[in-house]
Amino acid sequence: MKLGIVGLPNVGKSTLFNALTNAGAQSANYPFCTIDPNVGIVPVPDARLDKLAEMYDPEKYTPAVIEFVDIAGLVRGASKGEGLGNKFLSHIREVDAIVHVVRCFEDENIIHVDGKVDPLRDVETINLELIFSDMEIVERRLDRVRKLVKNDKSLAAEVAALEKVYEALENGKCARTVELDEDESALLYEARLLTLKPVIYVANVAEDDLASDALEQNAAYLKLREFAASENAGLIAVCAEIEAELSDMQGEEKQAFLEELGIPESGLDKLIRASYRLLGLISFLTAGPKEVRAWTITKGTKAPGAAGKIHSDFERGFIRAEVVAYEDLIREGNMNVVKEKGLLRSEGKEYVMEDGDVVLFRFNV
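I will try to describe carefully the structure that is included in this document. (Residues numbered from 1 in each chain as written. Predicted model: local features only at pLDDT ≥ 70, side-chain atom pairs only at ≥ 80, totals over all residues. Heavy atoms only, no water.)

1. What about the environment of His 311?
Examined against the element boundaries, His 311 turns out to sit in the loop between α12 (303-310) and α13 (312-316). In this structure the side chain of His 311 is engaged in a polar contact, spanning 3.0 Å, whose partner is the backbone nitrogen of Asp 313. (Helix = DSSP H or I, 4+ residues; strand = E, 2+ residues; numbered from the N terminus. Polar contact = N/O pair within 3.5 Å; in protein donor to acceptor, adjacent residues only side chain to side chain.)

Shown next as structure tokens:
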């Protein structure tokens, strides 16, 4: 999973990226500090994997990972090349989802590129640049497909889908707000539209606002929440400065700090959960003395497709999947007892994987 972190200059984007990844992206109080995209690979915390590691004492421990890309801030006119816009737009096409950091706190010591804090204006600034870029793409594609449809009527559905999306873009709406059926979505997939990408809005709030009752008094956050709901987008609240402090802590120290602040989980944990939910992802697990590992798949994936995540040969020569629910394996304590009690299931090609399945794939090529 690859997530692109975007936002106007000086909203806390690079501070948050540094905190999430400890990758050391430059961070300073002026625009365009992040000139090239910084990339950080972050392991996905999974207590289930920790338990399996205790059980098997494996040679290797391999969690699922998320790749965060910190993309340069942009200003109005980015779609026409202003600021670092063209670089921004090209990098954002490569990600699975957008993490849009929005400033929801006041601080006279931190410059705002537009003079004052206004989350909806800030969101609109970036969304409009993405919309303008998408309009150009859709226009070019429409010109081409309209010419071809005269001799190939099967392209009429693509023309209709493109026209539907173009109308929304023209009205300042993101493509993801357009109701598309499965066929229309498939037709538009190749266009790689920026505003079709799922979004999680990250409200960067002051430390005092992190408590849920305080958040309800933060007018900027409430505006952003209402807007995110209108787009069916994800939303979490974090304090980038607190995340920066947490990034230097481990284990009990980190947990004690969170408890002292009255925060149940870190921003990274919030963001990972929101990302999995937004993209419809789950994890299955493989476990043994050589390795315990988490694998990320799309919800609804059948057993052969999950096997293909490990190796294409596993999918090509799929015979069956030997599956036990994580909870059953932990409760019984080892695989032998699981087998004795009939809790290990043999599943075929039509089996739909469940989150937390512990699997051994049988295959023959």
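2. Things to note about the pattern of salt bridges
With the rule as written, the count across this model stands at 23 salt bridges. Here Arg 48 and Asp 355 are joined by a salt bridge, their closest N and O atoms 3.2 Å apart. Taken as a pair, Arg 48 in helix α2 (residues 47-56) and Asp 355 in the loop between β11 (345-347) and β12 (357-363) lie far apart in primary sequence, 307 residues in all. Judged by its relative accessible area of 19%, Arg 48 falls in the buried class. On the accessibility criterion, Asp 355 (45% relative accessible area) is partly exposed. Close ionic contact of Lys 302 with Glu 350 constitutes a salt bridge, the shortest N to O distance being 2.5 Å. Taken together, the positions of Lys 302 in the loop between β9 (291-298) and α12 and Glu 350 in the loop between β11 and β12 put the pair 48 residues apart, joining distant regions of the chain. Here Lys 302 falls in the partly exposed class, since its relative accessible area comes to 37%. Glu 350 sits in the exposed class, given a relative accessible area of 58%. Through salt bridges with shared partners, a single network forms among Asp 328, Arg 331, Glu 332 and Lys 341. (Salt bridge = Lys/Arg side-chain N within 4 Å of Asp/Glu carboxyl O. Buried < 20%, exposed > 50% of the residue type's maximum accessible area, 1.4 Å probe, protein only.)

3. Describing the side chain of Glu 332
Inspection of the secondary structure puts Glu 332 in helix α14 (residues 326-332). Judged by its relative accessible area of 16%, Glu 332 is buried. Leaving out residues up to four positions away in the same chain, Glu 332 has contacts with Val 337, Val 338, Lys 341 and Leu 343. (Contact = heavy atoms within 4.5 Å.)

4. Points about helix α8 (residues 219-230)
Along its 12 residues, α8 runs 17 Å from first to last C-alpha, staying within 8% of the 16 Å computed at 1.5 Å per residue. If you check which residues of α8 are buried, you get Ala 220, Tyr 221, Leu 224 and Ala 228. Down the axis of α8, the sector holding all buried residues measures 95°, keeping them to one side. Summarising the geometry of α8, the exposed residues directed more than 90 degrees from the buried face are Ala 219, Glu 226 and Ser 230. Where α8 begins, the capping side chain belongs to Asn 218, and its oxygen is found 3.0 Å from the backbone nitrogen of Ala 220. In the segment just after α8, Asn 232 is the residue with positive phi, at about 55°. (Expected span 1.5 Å × (residues − 1). Arc of directions from axis to C-beta.)

5. Examining helix α5 (residues 156-170)
Its 15 residues place the ends of α5 21 Å apart at the C-alpha level, agreeing with the 21 Å of an ideal helix rising 1.5 Å per residue. Those residues of α5 that sit buried are Glu 158, Val 159, Ala 161, Leu 162, Val 165, Tyr 166, Ala 168 and Leu 169. Lining the buried residues of α5 we find α4 (119-149) and α6 (182-189). The first or second residue beyond α5 is Gly 172, which carries a positive phi of 80°.

6. Quick word on the pairing of strand β10 (residues 318-325)
Looking along a regular strand, one sees the side chains alternate between the two faces of the sheet. The buried fraction of β10 is high, at six of eight residues. Pairing of β10 with β12 involves seven bridges; the strand directions are antiparallel. Bridge assignment links Ala 325 to a residue of β12, and that residue is Asp 357. In the sheet, β10 pairs with β11 via three bridges, with the strands oriented antiparallel. The residue bridging Glu 322 from the neighbouring strand is Ser 346, located in β11. (Pairing = 2+ DSSP bridges.)

7. Regarding the packing of aromatic side chains
Within the structure shown, the criterion is met by five aromatic pairs. Each ring, one from Phe 284 and one from Phe 361, has its centre 5.9 Å from the other, and the planes form 90°; the classification is edge-to-face. Note that Phe 284 is positioned in strand β8 (residues 281-287) and Phe 361 in strand β12, a separation of 77 residues in sequence. Given the relative accessible area of 0%, Phe 284 is considered buried. (Phe/Tyr/Trp six-rings, centres within 6.5 Å; stacked < 30°, edge-to-face > 60°.)

8. Some points on the sheet that holds strand β5 (residues 97-103)
Sheet strands line up and pair through hydrogen bonds in the backbone, either parallel or antiparallel. A sheet is described by the order of its strands in space; here six strands give the open sequence β2-β4-β1-β5-β6-β7, paired in mixed fashion. The sheet is open, and its two borders are formed by β2 (38-43) and β7 (234-238), each paired with just one other strand. Going from strand to strand, the sheet's axes swing by 25° on average, the running direction of each strand aside. Each of β5, β6 (199-204) and β7 is contacted by α8, which is oriented at about 160° to β7, the strand it contacts most. Most of the contacts of helix α11 (residues 267-279) go to β7, to which it runs at about 180°, and overall it touches β1 (2-6), β2, β4 (65-70), β5, β6 and β7. (Axes fitted to C-alpha atoms, helices over the stretch in contact; angles between N-to-C directions.)

9. Brief notes about the packing of α4 against α5
At a minimum axis separation of 9 Å, α4 and α5 run at an interaxial angle of 155°. The orientation of α4 relative to α5 falls into the category roughly antiparallel. Between α4 and α5 the crossing geometry is left-handed. On α5, the residues touching Ile 131, Asp 134, Met 135, Val 138, Glu 139, Arg 141, Leu 142, Val 145, Arg 146 and Val 149 of α4 are Ala 156, Glu 158, Val 159, Leu 162, Glu 163, Val 165, Tyr 166, Leu 169 and Glu 170. In terms of residue class, the contact of α4 with α5 is made up of 12 nonpolar, no polar and seven charged. (Parallel < 35°, antiparallel > 145°, perpendicular 65-115°, else oblique. Left-handed = near helix turned anticlockwise from the far one by under 90°. Nonpolar A, V, L, I, M, F, W, Y, C, P; charged D, E, K, R; others polar.)

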